[in-house]
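Fold and contact review
These are the residues of each chain, in order.
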Amino acid sequence: MNRERMILLLHVMVAAVACEASADVVIDSLCIVDEQGYQSGAGAYCGGREVFGRDYDLQVADDFRLPAPLFCTAITADFLTYSGHCPDEVCISFFPEGVDGCLPAPEAHRYFRIQPEGFGCEPFNDGVFGLRGVRLTTELEPVFLAESHWFTCVQPRGADWGYAVVQWFPDCIEDYGCSAVRRDGGERNQCCDGNGGYGHQDWRQLDDSSFQVGAISMRVEGIPAGDCSGGERVTAACKPGDGERLGKIVVKVRDGQPGGTVTALLDPPDPRHVSIPLDARGRGKGKFRDVDDTAAHRVFLCDAVLDVPCGR
């Protein structure tokens with residue numbers, strides 16, 4: 001790569017920072033820890049061998065409602081731990097609404113094992129119980145979630161144990177929906193498989209009497225996906241540049257919502273984005289300009305994920 005092209009590429013990389021898609025906060029109850037207002041905790045971990053001599057699988061999930069489709073890109077959750085160790089992995093699961101409107105389905109819609117390079121681990125002071133607190137922030141490959149009622153579970157995986165931080169009737173949250181729920185997989189489940197040996201009846205509200213509404217300390221962030229209908233056909237192609245000019249990626253949509261607008265993301269975890277208006281036939285086209293045409297790229301649009309090779 002000659003000097004002029006390298007300078008141009010650096011300018012594009014700097015400009016791309018300003019073009020990152022801004023994230024919306026779907027739910028934010030981290031005030032529970034920030035204000036040290038919690039009263040309880042619920043087992044949420046996969047492991048614990050260092051403490052108990054054997055591994056256990058405990059899940060806690062909290063809910064949020066999406067009025068429109070979303071790409072979930074980050075989740076933050078707080079835990080009280082025995083030793084304050086950062087986990088070996090973080091397990092993230094997304095569950096749709098089950099038969100009961102305030103209980104999740106038994107099986108996960110999507111689940112992930114996040115390695116240490118994919119999450120941050122920040123200690124915090126537990127002034128309530130005197131334990132060691134850790135705040136885990138995970139960056140996700142965009143997870144497409146349709147307009148619906150969702151539950152998400154965050155589990156630290158490692159030798160230490162952890163409690164999800166719980167507050168009953170939290171007054172620092174405007175709308176905390178249903179009560180958080182839990183289930184116990186004991187020793188019979190593998191970690192981070194999303195399902196394990198659970199059954200639907202294993203989900204319970206944190207307070208089985210249902211007289212108390214509990215929320216866990218958690219924040220969910222994402223990027224609006226636009227008017228996704230679920231039937232879109234998407235293609236993406238790389239167009240190499242000419243001479244010193246960089247390339248572009250052209251995204252085409254068919255069978256979308258007539259007259260709608262969808263959002264395409266390019267190359268997470270800090271994706272650029274472009275809005276694509278659709279015509280009366282549900283067709284549209286968008287372009288990512290000034291992309292590195294010597295590398296491979298990924299495009300996310302609604303529930304489509306496309307690998308786009310480039311190369312001169």
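Reference entry: report on the structure contained in this document.

What counts, and at which threshold
Residues numbered from 1 in each chain as written. Predicted model: local features only at pLDDT ≥ 70, side-chain atom pairs only at ≥ 80, totals over all residues. Heavy atoms only, no water. Buried < 20%, exposed > 50% of the residue type's maximum accessible area, 1.4 Å probe, protein only. Helix = DSSP H or I, 4+ residues; strand = E, 2+ residues; numbered from the N terminus. Pairing = 2+ DSSP bridges. Salt bridge = Lys/Arg side-chain N within 4 Å of Asp/Glu carboxyl O. Disulfide = S-S within 2.5 Å. 1 Å grid on protein atoms, 1.4 Å probe; cavity = no way out; pocket = protein on both sides within 12 Å on 5 of 7 lines; lining within 4 Å. Points joined across faces, edges and corners; volume = space filled by probe spheres on them. Axes fitted to C-alpha atoms, helices over the stretch in contact; angles between N-to-C directions. Core = buried A, V, L, I, M, F, W, Y, C linked by side-chain atoms within 4.5 Å. Contact = heavy atoms within 4.5 Å. Polar contact = N/O pair within 3.5 Å; in protein donor to acceptor, adjacent residues only side chain to side chain. Patch = residues over 30% accessible without salt bridge, like charges linked within 9 Å, V, L, I, M, F, W, Y side chains within 5 Å. Areas by Shrake-Rupley, 256 points an atom, 1.4 Å probe, with all protein chains shown as cover. Nonpolar A, V, L, I, M, F, W, Y, C, P; charged D, E, K, R; others polar.

Some remarks on the pairing of strand β15 (residues 218–224)
With 5 of its 7 residues buried, β15 lies for the most part within the structure. Judged from the 4 bridges that link them, strand β1 (residues 24–28) and β15 form a sheet pairing that is antiparallel. Bridge pairing links Asp24 to Gly222 in β15. Here 7 bridges tie strand β5 (residues 70–81) to β15, and the two strands are oriented antiparallel to one another. Opposite Ala77, over in β15, you have Met218 as the bridge partner.

Quick look at the pattern of salt bridges
A side chain of one charge can pair with a side chain of the opposite charge if their charged atoms are brought near each other. Per the stated rule, a full pass over the model turns up 10 salt bridges. Linking Arg233 and Asp255 is a salt bridge whose minimum nitrogen-to-oxygen distance equals 2.7 Å. Here the residue Arg233 occupies a position in strand β16 (residues 233–239), and Asp255 occupies one in the loop between β17 (247–254) and β18 (261–266), the gap between them amounting to 22 residues. By relative accessible area, Arg233 is classed as partly exposed at 46%. The class of Asp255 is partly exposed, set by a relative accessible area of 38%. One network of salt bridges, with partners in common, ties together Asp28, Arg219 and Glu221.

Some words on the state of the cysteines
Taken as a whole, this structure holds 5 disulfides when the rule is applied. Here Cys31 connects covalently by a disulfide to Cys172, the sulfurs 2.3 Å from one another. Taking the sign of the torsion about the S-S bond as the criterion, the disulfide between Cys31 and Cys172, at about 75°, is right-handed. Taken together, the residues Cys31 in helix α2 (residues 31–34) and Cys172 in the loop between β11 (162–168) and β12 (181–186) connect sequence positions 141 residues apart.

Details of the layout of surface pockets
Taken as a whole, the second largest pocket encloses approximately 210 Å³ of empty space. Lining the second largest pocket, in full, are Val26, Ile27, Asp28, Asp63, Phe64, Arg65, Cys172, Ile173, Glu174, Asp175, Tyr176 and Gly177. Secondary structure elements with two or more residues in the lining of the second largest pocket: β1 and β4 (56–65).

What about the sheet that holds β16?
Consider a sheet: its strands pair through backbone hydrogen bonds, and that pairing is either parallel or antiparallel. Pairing in this open sheet of 3 strands is antiparallel, and the strands run β16-β17-β20 from one edge to the other. Lying at the two open borders of the sheet, with one neighbouring strand each, are β16 and β20 (284–291). Neighbour-to-neighbour, the strand axes of the sheet open up by a mean angle of 15°, direction not taken into account. Pairing of β17 with β20, which is carried by 7 bridges, proceeds in the antiparallel orientation. The residue of β20 that forms the bridge with Val253 is Gly284.

As for the nonpolar core
Counting 32 residues, the largest nonpolar core has Cys72, Ile75, Phe79, Ile92, Phe94, Leu140 and Leu145 as its most contacted members. Elements that contribute at least two residues to this core include exactly β4, β5, β6 (89–96), β7 (110–114), β9 (132–145), β10 (149–158), β11 and β15. Every residue in contact with Cys72, bar those within four places of it in the chain, is listed here: Phe94, Leu140, Glu141, Pro142, Val143, Leu145, Val220, Glu221 and Gly222. Ala225, Val274, Ile276 and Ala304 belong to the second-largest nonpolar core, a separate cluster that totals 27 residues.

Some remarks on the environment of Gln39
Tracing the backbone through its elements, the reader meets Gln39 in the loop between α2 and β2 (40–43). Overall, the relative accessible area of 40% leaves Gln39 in the partly exposed class. Taking the C-alpha atoms as reference, Gln39 lies 8.1 Å from Val165; in sequence the two are 126 residues apart. The contacts of Gln39, once residues within four sequence positions are left out, are Phe129, Val166, Gln167 and Trp168. A polar side-chain atom of Gln39 sits 2.8 Å from the main-chain amide nitrogen of Trp168.

Quick word on a nonpolar patch on the surface
Taken together, Val128, Phe129, Leu131 and Tyr163 make up a surface patch of nonpolar side chains, about 320 Å² in accessible area. Mapped onto the fold, Phe129 is located in the loop between β8 (119–125) and β9. Overall, the relative accessible area of 43% leaves Phe129 in the partly exposed class.

Here's the deal with empty space enclosed by the protein
Here the structure, examined in full by the defined rule, presents 2 cavities of 30 Å³ or more. If you add up the space inside the largest cavity, you get close to 50 Å³. Residue assignment for the lining of the largest cavity shows that the elements contributing at least two residues are β5 and β10. The leading source of residues in the lining of the largest cavity is β5, at 3 residues. Residues belonging to the lining of the largest cavity are distributed by class as follows: 9 nonpolar, 1 polar and 1 charged.

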